[in-house]
Amino acid sequence: MNVTALSTSSRPSPPAGEREPAAKNRALSGFLGSNIFGLIIAIAVFVLLFGLFANGFLSKVNIYSISRSIGINGVIGLAMMTVLVTGGLNLGLGAIAVCSAMVVGWSLQNLGLGIAPSLMIGVLAGAALGAVNGLIVVTTRLHSFVVTLATMSIFFGTMILLSGAQGFNALPRVMTTFGRIRMYGVVSPLLLIMLLVAAILYYIYRYTAFGREMLAAGANPFAAKLSGLPVERLFVWCHALCGAIGAIAGVMASVRNGAVVPSMAGPLGADWLLPAFLAPVLGGTLLTGGSVSVIGAILGTIFVEIITSGLYMLQIGEFWIQTALGLVLLGAILLERGRAAMALQRSTRR
Amino acid sequence: MNLIRNALRADSLGLLLVVLIGGAALSLARPEFLTAYNIDVILVGFSLTVIYALGQGVIIAIGHMNLALGATGCLVAVAFGGSMQVWGLPVWAAMLFGLLIGTFCGFLNGWLTHKSGLTSFIITLATLSIFKGISLGITQAQPFYGVADSVKAFGSDRWGPLPETLLVALPIVIGVALFLGKMIPGRQMLAFGGNPNAAELSGISRARMVILAHTLSGLLAAIAGMMSVARLQLASPAIGDEWLIASFAAPVIGGAVLSGGHLSVVGTCLGVLIVSLINQALVMLAVDPFYVQVMLGALILGAVGLNRLRESRLGNAPVLRLS
Amino acid sequence: MKQSLQRIVFAAAALAVSAMPSLAADVKVALVPGGPHPYFANWEQGGKDAVKDFGIKAADYRVPAKWELGLQNQMIENLTAQGYNAFLIFPGDPVATNSPMADLQAANIPSIATAGCTKDPSPALFCFGTDTGHSAYLGAKELIKTMGGKGTIVHFTGNLVDPNTQLRMDAVAQAVAESNGGIKLLQTIADIDRTPQEADEKINALLAARGKDIDGIITSAWLPAVSSATALRRIGDKRIKMVGIDHDQVVLKAIKDGFVHGTMLQNPYGQAYIGSYVMSEIIGHGCKVNDKAPFKSNALTARFIDSGTGFQGSDGVDDFQNTMKAVTAELMKTFKATYLICP
């Protein structure tokens, strides 16, 4: 009776370019019709518009601050993407990120370990918490929504319990100054970390058997199982990967804040859910699983950060800014969709 | 009698047992659990939550999601309160206004989702931002206090042993159950959710299904929004903020499949009750505030895990549902 | 010379900030709360009155659209790019908000932690607000007094991720301890300052379960105060005494009608008004904060100035705003002489 849950073929199909790898002869038309191309255009248009009309948008301060947000939110989006592969999700991403960052702070401040081992412990902690999610999901066969809803509360609650909601504010100088470096006056090193994470993920999904197996398992668990893939184990890996990258995001946010604080992602870490889902989905990652677009997720983050920052610069009035943000987002994706449809039509008419 | 048959179906029975055993244990530990006042508290919470949970449920049924559910409820609450306080509308007119706004918001979600061919996730994320922004813009983050006394009374008064809010919620629950179980558009919605392509081939209109489900969701969100105003005695722009996760949790605990095609109304009701029972227990047993979150998560996992365990004992668990 | 050169370098880094601000007319203050909340609504008026009274260019109330630390930080950066050169900030987090403040400091832009404190060491000039722990302590004392020093109380408070919550819990515990066993703290419910529905459900559940055993309620966060006041009105027998916090209409009306004993007022208007005044003196007239001023200390900082807190009972509850304006005027009389050194 639950076969329907697995049939990804019945979902409305995205434009060709979203599914990689696209057939080579259709690569160009696929690219022109893809939302990667669309996002690039949208980003270019908005940079131009805000550059012309929003006072201060192209100032160094602002470009720097945008680059920093893109760095952190990009990693958050990429973390969620790795678990969207399974067709599931991780509501506890923010909670895992905060818990892992707290572990890093504890290791630095209370254990007195160095930066490298502390970071290692933090990322391992994130991976372990993610793996716990994955294990519960595959053994109980409950939906990851319910599982991560519960574990989000457990992880975050345990962290508050152990820490008494007290953060760690004596991070080593290297870390806090790292967060303030301005490369060429406008680029935050956090952006480079995001690009590094993205490059690794791109490599995994594109060129390794492990990555392709994760995608295959997510696209159709039944078929993957029949063809001999260890679907359960792969899904646990996906969740662990999500936790590990979430931990990186948590540390990045702490570096930005100059301290590890339990409140950085809001109650239960739930404030991060929006950027976490928005970027990959805008970039063409399917919520039904089995497909990713690393580049799309990054472009999605850039797009969102640019319109957010630009709208603030226009001084619309804070209470209306959310409305404007929604309208711009809606308008942009609808226009993009119209453009993609036309591009595809033109290419199929040949 | 669809309801009774539904209740006896395997996936809801387990949840029912969880609710009954949990309730019994709690009333043994704390006899006050069964006082009229406390039952009233539970039922008022239930009335509100079940309406917006079903508002999400009808969307889950077609395999979509409505992230803007809470924002719709919020906008309606603000419009309802504001039209009474600022425009001095009578209650019935304000209610009508609220219902219209909610229905329109839902229709807009459905229409945009259908026309764009994009996932409802993106569309409702954008409208969430729009609706919430309008609510904040109108109110400047201040609640409207000018709620009519009759509305306030509705939120507090009882009819016999039952809170008046339940008298609104119950017919809605039954209505949604009948709609999905008996009526043609409802059954079509489930069929469409199970397999959109097959449904389309058999002549079910995609546009109609998508718009219908979203409009219904908007309507339910509107009712829940106005009910919140009655309960809280003010129209705050923070109404609806906590609906999102709760609205998914109840149907999913109740056995709904996020990819569509299946929604148990009884299961959803039990899902709402389980979560509220857990919250009650944490308050009544005076759990240390620092332990509350941990216990909450563990109990949710325990409750749904127990149900799943029972299912697999009976051998009717899905063979492979990994996502 | 060297100093002004340094200034120019800093200003260049901040780009939009003018190089040598020297007139009050150049002072542009941003009042940035942590997110939309009725508490801060009076900031807007305080800012407007400050513009009128001190001739500064602007004192604008700029609210992040959501309660999110990241969003507030981003907004502060954004406002800097828009040319604001003085900030009154409600710290989204006592520790983490030091980071954007340090960025501001590096660009030679002063900031004051307003309505809540940042944790030392902080780049903020000082903290100007309500001493949260002290306010909860006074509220609990007032409650215990009206209960005649005997009975059982419950405490409804804010979110545990906010370290202030722990301070409030400690303060109530201290007041209870000082009652020499007369008062028992039955239970504390935290994490209910996020949404009104959550507060409503948990508070009513507790009143339903243990209402008979409860003689008093102390609340130390906005939403729980509103929900408790509504619940007590609903119960209607006026047996349970309550001391709330802040000035929500629901709470004030409940005080007037006798369902609530009183509330601990804070002074958001004065925070914005006096804070903007300080900025106009510092930027416009070259004043400095007197490091030897008689600052108070609290759990977060040693540079704390109380913006005034006070118990508001049913007497004069209608013109509580005048009460706060009077407190503000009183503070203003000695503020400059006490806390600033001017050329």
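About the cut-offs
- Residues numbered from 1 in each chain as written.
- Chains lettered and ligands numbered in written order.
- Predicted model: local features only at pLDDT ≥ 70, side-chain atom pairs only at ≥ 80, totals over all residues.
- Helix = DSSP H or I, 4+ residues; strand = E, 2+ residues; numbered from the N terminus.
- Rg over C-alpha atoms; globule rule 2.2 N^0.38 Å.
- Buried ≥ 20, exposed ≤ 12 C-beta atoms within 10 Å, placed from the backbone.
- Contact = placed C-beta atoms within 7 Å.
- Expected span 1.5 Å × (residues − 1).
- Pairing = 2+ DSSP bridges.
- Axes fitted to C-alpha atoms, helices over the stretch in contact; angles between N-to-C directions.
- pLDDT = per-residue confidence, 0-100.
- Parallel < 35°, antiparallel > 145°, perpendicular 65-115°, else oblique.
- Domains from an automatic or database assignment.
- Nonpolar A, V, L, I, M, F, W, Y, C, P; charged D, E, K, R; others polar.
- Left-handed = near helix turned anticlockwise from the far one by under 90°.

Quick word on the overall build of chain C
Consideration 1: Of regular secondary structure, chain C possesses 11 helices and 14 strands.
Consideration 2: At 21 Å, chain C has a C-alpha radius of gyration in line with the 20 Å of a compact globule built from 343 residues.
Consideration 3: Structurally, chain C occupies a C-alpha span of about 70 × 35 × 30 Å along its principal axes.
Consideration 4: Burial analysis of chain C (343 residues in total) assigns 61% to the buried set.
Consideration 5: Here the contacts in chain C between residues at least 6 apart in sequence split such that 72% fall between residues at least 24 apart.

Regarding the overall build of chain B
Consideration 1: Within chain B, the regular secondary structure consists of 14 helices and 2 strands.
Consideration 2: Compactness check: chain B gives a C-alpha radius of gyration of 20 Å against a globular reference of 20 Å for 323 residues, within 12% of the reference.
Consideration 3: Along the first, second and third principal axes, the C-alpha atoms of chain B reach 60 × 55 × 40 Å.
Consideration 4: Across the 323 residues that make up chain B, the buried fraction comes to 59%.
Consideration 5: Of the contacts formed within chain B by residues at least 6 apart in sequence, a portion of 79% connects residues at least 24 apart.

Overview of helix H6 (residues 163-177) of chain C
All names here are of chain C.
Consideration 1: End to end, H6 covers 21 Å across 15 residues, agreeing with the expected 21 Å (1.5 Å per residue, within 8%).
Consideration 2: For H6, the complete set of buried residues consists of Pro163, Asn164, Thr165, Leu167, Arg168, Met169, Ala171, Val172 and Ala175.
Consideration 3: Residues of H6 that are buried sit in contact with helix H5 (132-146), strand S6 (151-156), strand S7 (183-189) and strand S8 (216-219).

A short note on the sheet that holds S8 of chain C
Residues and elements named next belong to chain C.
Consideration 1: As summarised here, the arrangement of the 6 strands in space is S7-S6-S8-S9-S10-S13, forming an open sheet in which the pairing is mixed. Looking at which strands have only one partner, the edges of the open sheet turn out to be S7 and strand S13 (310-312). If you compare each strand with its neighbour and ignore which way they point, the axes differ by 20° on average.
Consideration 2: Where strand S9 (residues 241-245) and strand S10 (residues 262-265) come together, 3 bridges link them in parallel fashion. Residue pairing in the sheet places Val243 in a bridge with Gly262 of S10.
Consideration 3: Running at roughly 165° to S7, H6 makes contact with S6, S7 and S8 of the sheet.

Digging into the confidence of the model for chain C
All names here are of chain C.
Consideration 1: Scored by pLDDT, chain C has a mean of 87; 93% of the residues are at 70 or more.
Consideration 2: Confidence drops under pLDDT 50 across residues 1-21; counting only partners more than four residues distant or on other chains, this segment forms 34 contacts.
Consideration 3: In the predicted complex, the global pTM is 0.85; the interface-specific ipTM is 0.83.

Here's the deal with the packing of helix H9 (residues 209-219) of chain A against helix H11 (residues 231-257) of chain A
In a packed pair of helices, the relevant descriptors are the angle between the two axes and the axis-to-axis distance.
Residues and elements named next belong to chain A.
Consideration 1: Where H9 meets H11, the axes come as close as 9 Å, and the angle between the chain directions of the two elements is 110°. Taken as axis vectors, H9 and H11 run roughly perpendicular relative to one another. Within the contact between the two elements, H9 uses Glu213, Met214 and Ala217 and H11 uses Val231, Leu234, Phe235, Trp237 and Cys238.

Regarding the interface of chain A and chain B
Consideration 1: With 53 residues of chain A in contact, the opposing surface of chain B contributes 50 residues.
Consideration 2: The set of elements that each furnish at least two residues to the side of chain A that touches chain B consists of helix H5 (115-140), helix H6 (144-163), helix H10 (221-226), H11, helix H12 (273-282) and helix H14 (318-349) of chain A.
Consideration 3: Examining the composition of the side of chain A that touches chain B, we find that 14 residues originate from one element, H6 of chain A, more than from any other.

Description of the domain arrangement of chain C
Residues and elements named next belong to chain C.
Consideration 1: Once the domains are mapped, chain C shows domain 1 (2-130 + 267-341) and domain 2 (132-265).
Consideration 2: At 3 residues, the largest contribution of residues to the side of domain 1 that touches domain 2 is made by S13.
Consideration 3: Split into classes, the residues belonging to the side of domain 1 that touches domain 2 amount to 8 nonpolar, 8 polar and no charged.

Topic: the environment of Glu232 of chain A
Consideration 1: Tracing the sequence through the fold places Glu232 of chain A in helix H11.
Consideration 2: C-beta crowding within 10 Å serves as the criterion here: with 19 such atoms nearby, Glu232 of chain A is assigned to the partly exposed category.

Some remarks on the environment of Ala247 of chain A
Residue and element names in this part refer to chain A.
Consideration 1: Assignment of secondary structure puts Ala247 in helix H11.
Consideration 2: Sequence-wise, Ala247 and Ile96 are 151 residues apart; in three dimensions their C-alpha atoms are separated by 6.7 Å.
Consideration 3: When residues no more than four places from it in sequence are discounted, the contact partners of Ala247 are Ile96, Ala97, Ser100, Gly122, Val123, Ala125 and Gly126.

What to know about the sheet that holds strand S5 (residues 127-129) of chain C
All names here are of chain C.
Consideration 1: Taken in spatial order, the 6 strands make up an open sheet running S2-S1-S3-S4-S5-S12, and their pairing is parallel. Taken across any chain shown, the strands that pair with only one partner, and hence form the sheet edges, are strand S2 (58-61) and strand S12 (304-306). Taken pair by pair, the neighbouring strands of this sheet meet at an average axis angle of 20°, ignoring direction.
Consideration 2: Across the face of the sheet, helix H2 (residues 41-54) comes into contact with strand S1 (28-32) and S2 while running at roughly 170° to S2.

Description of the interface of chain B and chain C
Consideration 1: Taken together, the contact between chain B and chain C spans 32 residues of the former and 29 residues of the latter.
Consideration 2: Elements that contribute at least two residues to the side of chain B that touches chain C include exactly helix H3 (36-61), helix H11 (206-232), helix H13 (265-284) and helix H14 (289-314) of chain B.
Consideration 3: Each residue belonging to the side of chain B that touches chain C can be placed in one class, and the counts come to 17 nonpolar, 10 polar and 5 charged.

Re the packing of H3 of chain B against helix H7 (residues 196-210) of chain C
Consideration 1: Running from amino to carboxyl end, H3 of chain B crosses H7 of chain C at an angle of 165°, the nearest separation of the two axes being 8 Å. With respect to each other, H3 of chain B and H7 of chain C are oriented roughly antiparallel. For H3 of chain B against H7 of chain C, the interelement crossing comes out left-handed. Along its contact with H3 of chain B, which presents Tyr37, Asn38, Val41 and Gly45 of chain B, the element H7 of chain C presents Glu201, Asn204, Ala205, Ala208 and Ala209 of chain C.
Consideration 2: For the contact of H3 of chain B with H7 of chain C, the per-class residue count stands at 5 nonpolar, 3 polar and 1 charged.

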